[in-house]
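Residues per chain are reported as follows:
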Amino acid sequence: MSDEVKKREGGFTLIEILVALAILTIAAAPMLYVTAGAQRLAHSQSEAADLHQRARVIAEKIQRDIAMAGAGPPLDLPLGSLSAYIPAVIPARTGARSPDAALTAFDDRCSIVYVPDDGWSARLAVDMPDQSAGIAIDASIPGCPAAGLCGFTAGTRALILDTTVAGAGHDAFSVTALDAELAHGPPNPPLSKAYGAATARVMPIVQRVYHFDRAARRLMLYDGYQSDVPLVDNVVDARFEYFVDAAGGVGPRRIALTELIDGPVAGLPPNQFDRDLLRIRLMRVTLRLQAAADDVRGGGAWFARPGRSTSGYSLVPDVEVSFDVALRNARGGS
């Protein structure tokens with residue numbers, strides 16, 4: 001047997017194996033690149049769908065609350081809806097925890113208040129002797145729900161309102177205890193005044209405070225009392241704009257935040273408000289959401305995220321939604 005045949009029967013040399021591996025790697029690289037790109041594309045499509053879904057759900061929730069803003073108990077307030085007495089929307093954070101000071105305004109937060117569709121109002125049985133006293137409810141008035149004390153139970157978010165004129169006085173509180181009266185102890189702030197039985201009404205309310213946590217990139221939802229929770233993550237921006245009737249009735253006019261804090265002033269401390277807030281007819285909400293950043297780089301159109309390092313990228317561009325909502329319970333006034 002020749003030496004050449006013996007060498008062939010002995011197998012491959014190390015150099016031949018290395019050369020073969022190099023050729024295989026070069027041939028496989030494009031296939032791996034295409035596969036990785038397809039995986040990223042599939043992931044980005046799922047992310048894009050999720051991003052649009054989140055934007056739609058949040059937009060619908062905010063729209064519903066703004067449309068309800070200022071709704072009052074039917075047939076029970078002399079001036080009609082709640083928005084005739086107090087602002088239906090306020091460009092500030094209100095409530096028991098970390099409220100903004102009265103007569104301040106911000107474009108990244110909004111407080112909304114309304115009486116739910118199944119709400120009611122109750123009258124006081126006697127005048128309050130002082131601001132800290134319990135609120136005695138006349139449960140004999142027709143229309144009082146049977147549950148609790150005229151429908152009020154511990155934990156109910158409620159509003160007491162002086163119905164004499166707009167700005168005569170109002171306070172939001174959560175019922176802390178229930179006996180013959182509605183207790184409104186801490187952590188509720190003190191009431192702004194002692195209310196009289198002849199003019200005061202008490203009603204259950206829904207209070208929504210939407211505020212943008214810029215540092216955490218979250219849109220938050222606060223109930224005015226103890227619950228302050230993230231509503232949606234990966235928010236780049238959130239803005240609220242306000243519109244009033246233009247002079248001459250030619251369409252709505254955007255009103256600057258400075259006009260909503262410069263007076264004339266109504267209400268009692270700490271619940272004073274600019275009377276221009278009673279003129280708001282329409283709101284514009286703008287939200288910008290982003291997908292979660294990918295840590296893997298590769299081909300395709302990459303979008304750097306504002307405020308992030310260049311190590312965080314996503315194939316999915318930001319989604320911005322903007323919508324206008326009319327306050328259907330706005331009554332008018334100045």
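Parameters and conventions
- Residues numbered from 1 in each chain as written.
- Predicted model: local features only at pLDDT ≥ 70, side-chain atom pairs only at ≥ 80, totals over all residues.
- Heavy atoms only, no water.
- Patch = residues over 30% accessible without salt bridge, like charges linked within 9 Å, V, L, I, M, F, W, Y side chains within 5 Å.
- Areas by Shrake-Rupley, 256 points an atom, 1.4 Å probe, with all protein chains shown as cover.
- Salt bridge = Lys/Arg side-chain N within 4 Å of Asp/Glu carboxyl O.
- Helix = DSSP H or I, 4+ residues; strand = E, 2+ residues; numbered from the N terminus.
- Buried < 20%, exposed > 50% of the residue type's maximum accessible area, 1.4 Å probe, protein only.
- Lys, Arg positive; Asp, Glu negative; His and termini not counted.
- Polar contact = N/O pair within 3.5 Å; in protein donor to acceptor, adjacent residues only side chain to side chain.
- Contact = heavy atoms within 4.5 Å.

1. Points about a nonpolar patch on the surface
Step number 1: Taken together, the side chains of Phe-12, Leu-14, Ile-17, Leu-18, Leu-21 and Leu-24 present a nonpolar region at the surface, about 680 Å² in accessible area.
Step number 2: Topologically, Ile-17 is positioned in helix H2 (residues 14-68).

2. Observations regarding the side chain of Arg-157
Step number 1: Looking at the secondary structure, you find Arg-157 in strand S5 (residues 157-162).
Step number 2: Salt bridges are absent for the buried Arg-157, whose nearest opposite-charge side chain, Asp-223, sits at 6.3 Å.
Step number 3: Within polar-contact distance, the side chain of Arg-157 engages the side chain of Ser-174 at 3.1 Å.
Step number 4: A polar side-chain atom of Arg-157 sits 2.9 Å from the main-chain carbonyl oxygen of Gly-224.
Step number 5: Leave out the neighbours within four places in its chain, and Arg-157 touches Gly-95, Ala-172, Phe-173, Ser-174, Asn-188, Met-203, Pro-204, Ile-205, Gln-207, Asp-223, Gly-224 and Tyr-225.

3. A word on unusual backbone geometry
Step number 1: Here Pro-186 and Pro-187 are connected by a cis peptide whose omega angle stands at 10°.
Step number 2: Tracing the backbone through its elements, the reader meets Pro-187 in the loop between strand S8 (181-183) and strand S9 (200-204).
Step number 3: Residue Pro-264 follows Gly-263 across a cis peptide bond; omega there is 0°.
Step number 4: Mapping Pro-264 onto the fold places it in the loop between strand S14 (252-255) and strand S15 (265-266).
Step number 5: The backbone phi angle of Ser-98 is positive, close to 50°, even though this residue is not glycine.

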